[in-house]
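Chain by chain, the residues:
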Amino acid sequence: MSLVIGVPRETFPGETRVATVPEVVQKLIKQGYAIAVETGAGAASNISDDEYREAGAEILGSAAEVWSKADIVFKLRGPNEEEVGLLKDGGTLVSYIWPAQNPQLMEKLAAKKATVLAMDSVPRISRAQKMDALSSQANIAGYRAVIEAANAFGRFFTGQITAAGKVPPAKVFVIGAGVAGLAAIGTAANLGAIVRANDTRKEVADQIISMGGEFIAVDYEEDGAGTGGYAKVMSEEFQKAQRETFAQQAKEVDIIITTALIPGKPAPKLITAEMVQSMKPGSVIVDLAAEQGGNCELTVPGEVTTVHGVTIIGYKDLPTRLAKTASTLYATNLFRLSEDLIKTKSVDPAGEGAAAIKMNMEDEVVRGTTVIDQGNVTWPPPAPKLSAAPAQPKPAAAAPAPAHGHGPSTTVSSPTRVVVMFAFATLLFGLIGFGAPSAFLGHLTVFVLGCFIGYMVVWNVTPALHTPLMSVTNAISSIIVIGALVQVAPPLADGITRPEMLIKVMAALGIVLTAINMFGGFAVTRRMLDMFRKN
């Protein structure tokens, strides 16, 4: 019996996204799931019921039918009280939950003996990036923030010189360089604006520059990197220096986009009323933290206001303004999660019982995402093993003291070790030379010299312009080239035998192939570097 994934229509006011799309439905069916979608669930994302049917989904007439039939329910927004009542006892729910902010919802879901996976709790680790719905939606929010700012701003983003006059480029200041901030930086830079950005985490400075922005540092030494890639609460001294930096930027720039959030805490107030008043009339602030109270003191969550001639955009639904794209990315996140869930599927052997999911709580990703397991609240998860301090180098061991009355230490010095190794190598080559044919010794000499030259010319070079892997492969290629050149170098003599001709042909072919490998590797590296270079 196949597990049934149910996709009800989102009931949250203004929500236009849907938890899955036809393209992903086809992939889920290939995994062995059956899909039930409420009629009209994708209408706000411009996805018709017919498209779902063509993809293989069953269309049901009401939310109650979907909830009652589904073994697993895919949603975006957390369920309301009515939807909790529709959830099967012992069923599985996958959606945003925000367990820290919704303890009552957690209690109600636990009472249903449900298994709940919170997409807002996916661990921020490399292996879980494909399931990270917060990042996929934040990317859309950052892009849309710039579009909303451009709509409210009364000028071009890019500078222009025309017969009618000169228009200076817009200046954009982005606060916070997480996923949303970097998306905003890249979009604004591509539109031609002069982009500046700040973040408390020092390591993101290079990321800001690579996206086309200028990193604005706060004149105070303190690192804001927290666990899981998020920022941490900074000291009062740092915050004071930060406010001074932001106040200066507010006077100079035309647009401010704020994205600063700290998990489990209200959004920090970074833009004061005085800063807003100091901005030029016609300026714009887009507050991406509006849903958590906003980074600007004057933000009205969910609304657009104008204060002192400055437009403050406090929309809480920026991803929903690109509904189909946002739905597709979220559906892909859920599909990647379902790949792990299908591994733990269990079905009654008689085929009579309902299929069930058993969470693998030993898996770090599943453990972090699962907030309720069969009615047992498992949130918060154990602290992730992240941001570990780098191992400190061990101090050099002191030379062992000689034993009393037994003479000096027997430790061999490094130069002595090198001499011993060369002596051993010389003896080994001498032994080989006495018994080996002269032709073999010639080839062995070429091989040794080729290894030495390859090591010194390529492998021993610090990989500053190419990866360490390329260093190794190019070193091997250089050895092959040297050996091949030796084989093809002598001119062809009259009466050359067929084996000798074959050796020369193979050597020439080896030169061609290794040359392609070496020069192709550098060409690919150059293309990779060009991706981070702004023309």
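Residues numbered from 1 in each chain as written. Predicted model: local features only at pLDDT ≥ 70, side-chain atom pairs only at ≥ 80, totals over all residues. Heavy atoms only, no water.

Visitor: Kindly report on unusual backbone geometry, identifying the contributing residues and their values.
Guide: Looking along the chain, the bond that leaves tryptophan 379 and enters proline 380 is cis, with omega of 0 degrees. Its place among the elements puts proline 380 in the loop between strand S19 (376-377) and helix H13 (414-435). If you check the backbone angles, asparagine 46 has positive phi at about 60 degrees while not being a glycine. Among the structural elements, asparagine 46 can be located in the loop between strand S2 (34-38) and helix H2 (49-55). Look at glutamine 374: it is not a glycine, yet its phi comes out positive at around 50 degrees. With respect to the helices, strands and loops of the structure, glutamine 374 is situated in the loop between strand S18 (370-373) and S19. Judged by relative accessible area, which is 46%, glutamine 374 ranks as partly exposed. (Helix = DSSP H or I, 4+ residues; strand = E, 2+ residues; numbered from the N terminus. Buried < 20%, exposed > 50% of the residue type's maximum accessible area, 1.4 Å probe, protein only.)

Visitor: Explain the sheet that holds strand S3 (residues 58-60) residue by residue, including any values.
Guide: Overall, mixed pairing links the eight strands, which are arranged S3-S2-S1-S4-S5-S6-S18-S19 in an open sheet. Either end of the sheet is taken by a strand with one partner, and the two such strands are S3 and S19. By the bridge criterion, two bridges tie S18 to S19 in an arrangement that is antiparallel. By the bridge assignment for S19, aspartate 373 is matched with asparagine 376. Sheet strands touched by helix H11 (residues 323-341): strand S4 (72-74), strand S5 (92-95) and strand S6 (115-118). Its angle to S5, the strand with the most contacts, is close to 145 degrees. (Pairing = 2+ DSSP bridges. Contact = heavy atoms within 4.5 Å. Axes fitted to C-alpha atoms, helices over the stretch in contact; angles between N-to-C directions.)

Visitor: With reference to specific residues and values, describe the pattern of salt bridges.
Guide: Overall, the coordinates contain 21 salt bridges when judged by the stated rule. Where lysine 112 meets aspartate 89, a salt bridge forms, and the shortest distance between an N and an O atom there is 3.4 Å. Here the residue lysine 112 occupies a position in the loop between helix H5 (103-111) and S6, and aspartate 89 occupies one in the loop between helix H4 (81-86) and S5, the gap between them amounting to 23 residues. For lysine 112, a relative accessible area of 16% corresponds to the buried category. Here arginine 336 and glutamate 339 are joined by a salt bridge, their closest N and O atoms 3.3 Å apart. Of this pair, arginine 336 and glutamate 339 both sit in helix H11, three residues apart, which is roughly one turn of that helix. For glutamate 339, a relative accessible area of 22% translates into the label partly exposed. In this structure, a network of salt bridges that share partners links the residues Glu15, Arg17, Arg77 and Glu291. (Salt bridge = Lys/Arg side-chain N within 4 Å of Asp/Glu carboxyl O.)

Visitor: Talk me through the packing of aromatic side chains; I want residue IDs and the actual numbers.
Guide: Enumeration according to the criterion identifies five aromatic pairs in this entry. Aromatic side chains phenylalanine 173 and phenylalanine 246 sit 5.6 Å apart centroid to centroid with 65 degrees between the ring planes, which places their arrangement in the edge-to-face category. Here phenylalanine 173 is found in strand S9 (residues 171-175), whereas its partner phenylalanine 246 is found in helix H9 (residues 236-252), with 73 residues between them in sequence. No difference in accessibility class separates phenylalanine 173 from phenylalanine 246, as the two residues are buried. These aromatic residues form a ring-pair network of at least three members: Tyr96, Trp98 and Tyr330. Here the guanidinium or amino end of arginine 77 rests over the ring plane of phenylalanine 12, the centre of that ring lying 4.2 Å away. Lying across the ring of tyrosine 315, arginine 321 places its NZ or CZ 3.7 Å from the centre. (Phe/Tyr/Trp six-rings, centres within 6.5 Å; stacked < 30°, edge-to-face > 60°. Lys NZ or Arg CZ within 6 Å of the ring centre and 35° of its normal.)

Visitor: Before we move on, can you summarise the pairing of strand S13 (residues 284-287) with the specific residues and values?
Guide: Side chains Val284 and Val286 project from S13 onto one buried face, and the interleaved Ile285 and Asp287 project onto a second face that is buried too. Here strand S12 (residues 255-258) runs beside S13; their pairing, made up of four bridges, is parallel. Bridging across to S13, isoleucine 255 finds its partner in valine 284. For S13 and strand S15 (residues 310-313), the ladder comprises three bridges, and the chain directions are parallel. In the strand pairing of S15, valine 284 is matched with threonine 311.

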